[in-house]
Amino acid sequence: MANAPTVFFVVLGAYGAVIMGIAWWSYRQTRTEDDFLVAGRSIGAVVGGATLAATQLSSGTVVGTIGFHYMSGVSWAWIWPGMWSGWIVAAVWVAPKLRAFGGVTVPDYIAARYNSELARVVSAVLIVVAYTVYLSAQYTAGGIIFQALFRWPFFAGVLVVALMTLVYTWMGGMRSSVYTDFAQALVMVLAFCVAVPLLLYRVGGFDVMGRLLTGLDMRLTGWYFGFGEITVFALAFALSAATAPYQIARIYAMRDVATVRLAIGIAFVFQAIIGSVALIAGLGIRALFPVLPTPDLASSILALQVLPPLAGSLLLAGALSAIMSTCDSIMIISAAGLSHDLYGKLIRPAASEAEKLRVNRWSVLVVGLIPLGLTFVEMGLMQEIVVDYAKIIASFFFVPVLFGLNWRGGTTAGAIASMLGGFTAFMTWWWQGPAYPWGIDPIVAGVLSSLILFVGVSPLTRPVPAAALEPFFGSPE
Amino acid sequence: MSDGFGWNFWGFFLVAGAWCVAYFVWAVWANRRDRG
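What comes next is a walk through the structure.

### Section: the overall build of chain B
From N to C terminus, chain B includes 1 helix and 0 strands. Structurally, chain B occupies a C-alpha span of about 55 × 10 × 5 Å along its principal axes. Counting all 36 residues of chain B, 22% fall into the buried class.

Below is the structure:
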């Protein structure tokens, strides 16, 4: 693939032009904070479904999941139904109530439901901290891709991803983020759907691939990960998908509850397609290239050495799309924590719309630039990083969001104890890994501590006034 | 041939497809219920 860089830069240029076109259009439509953070609540089911899927599918999918299938074979695919069960929880018990509430950020919900600005601050700070570190993992994935492809210095690739995403998010906020996500989801599906048939043809079909893999290692076509391991991984994804703040922000941006339900179905279709082709891609590369220095290189090898230049370039644009669509979502959710929840609600509640919009844009720059420094920290396999962050967020948000929406008895003190306790328990367990105390995974320790504190502290502390509960439970009879 | 892909491979595609169909049936039902 001698001319790959030229073709890739042409594809990347065209892709960049489309993204910047969307950003410019969004910029011209963004006049208020509501426009910037929830796209004026105008998003329909198809674009909404694509953005939910594109946000879910990050570098963890394109670099990490293909790499994990390369390393471990078929069994990893079974985390998807586990993760989708988290989406079912969201569709039935979380999303309709949150969309009907109509806040702007997750801390908006926390502050309203628990009638407490302190609870807002705790949740906003935890979001900003956890997501800022998560953003650095996404930048790192960008660095890995450019390094593998063009032998660019690692940090140059990081900068390309960070700066492109920063520009379009700064310009158009949520509207820009959602419509670029839509374009990016289409690029991902198109890229994989072109790449996988070509890869299968190169390997010789499913039958040959299956026998080659079994010959390499029986576990590749069997159960490399056992039922228990798959369940823990799936649980981590499911718990975080059910109440992920960056997805809730997208749910707020949709037209109404009916749109949200259909959008989640469309997100399932996108994820089912991409999950299936990522599985085949990882297995096909293992059959063709049984020994790679690291499984995270599998997707780059597919693009560089298996596919013709145009298809390979499209796949790399798909990989960049996956990373950038997650980055923009994280930037908005972290920036909203700073600007809407901390500045707008606590420091200057009387700020004008123009000032709020300006602060939102500055916050995007701050939360987008800080993680650049963290990309110098050595990290493990991409999939493991993503699983860890999915777990952290679930450890402090799952209980106060899900139980808070469905149990009147949860109190302010219960919610604050639950968030801080879940986060602390997770970190305590995680630092002691990989041999966790009593063999308990950090996600179990985090969510269980959060749950025990929530149901233990709530009955002992002052109840939330009925007026604050009304938007979520209606009037008491 | 018993040394190729097994049910854990083919079954995944089946589950993914069935999941999407079942979800849409529920979502359409829930939206109609809400409309009364």
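### As for the overall build of chain A
Along the backbone of chain A there are 20 helices and 0 strands. For chain A, whose C-alpha radius of gyration is 22 Å, the value lies close to the compact-globule estimate of 23 Å for 477 residues. Each principal axis of the C-alpha atoms in chain A carries an extent, and together these give about 65 × 55 × 40 Å. Taking all 477 residues of chain A together, the buried fraction comes to 59%. Within chain A, residue pairs in contact and separated by at least 24 positions form 86% of the contacts whose partners lie at least 6 positions apart.

### Let's talk about the environment of A:Tyr246
All names here are of chain A. Note on placement: Tyr246 falls in helix H12 (residues 245-252). In this structure, the C-alpha to C-alpha distance between Tyr246 and Thr326, residues 80 residues apart in sequence, is 9.0 Å. If we ignore the near neighbours within four places in the chain, the residues touching Tyr246 are Thr55, Ser329, Ile330 and Ile333.

### A closer look at the packing of H12(A) against helix H15 (residues 309-347) of chain A
Residue and element names in this part refer to chain A. Direction vectors running N to C along H12 and H15 enclose 85°, while the axes themselves pass 9 Å from each other. Considered as vectors, H12 and H15 are oriented roughly perpendicular to each other. Side by side, H12 and H15 meet where Pro245, Tyr246 and Ala249 of the first sit next to Ser329, Ile330, Ile332, Ile333 and Ala336 of the second. Looking at the contact of H12 with H15 residue by residue, the class counts come to 7 nonpolar, 1 polar and no charged.

### What to know about the interface of chain B and chain A
At the interface, 19 residues of chain B touch 25 residues of chain A. Here the residues of the side of chain B that touches chain A sort into 12 nonpolar, 5 polar and 2 charged.

### Comments concerning H12(A)
Summarising burial for H12(A): 8 of the 8 residues are buried, a large majority. Here H12(A) has its buried residues at A:Pro245, A:Tyr246, A:Gln247, A:Ile248, A:Ala249, A:Arg250, A:Ile251 and A:Tyr252.

What counts as what
- Residues numbered from 1 in each chain as written.
- Chains lettered and ligands numbered in written order.
- Predicted model: local features only at pLDDT ≥ 70, side-chain atom pairs only at ≥ 80, totals over all residues.
- Helix = DSSP H or I, 4+ residues; strand = E, 2+ residues; numbered from the N terminus.
- Buried ≥ 20, exposed ≤ 12 C-beta atoms within 10 Å, placed from the backbone.
- Rg over C-alpha atoms; globule rule 2.2 N^0.38 Å.
- Contact = placed C-beta atoms within 7 Å.
- Axes fitted to C-alpha atoms, helices over the stretch in contact; angles between N-to-C directions.
- Parallel < 35°, antiparallel > 145°, perpendicular 65-115°, else oblique.
- Nonpolar A, V, L, I, M, F, W, Y, C, P; charged D, E, K, R; others polar.

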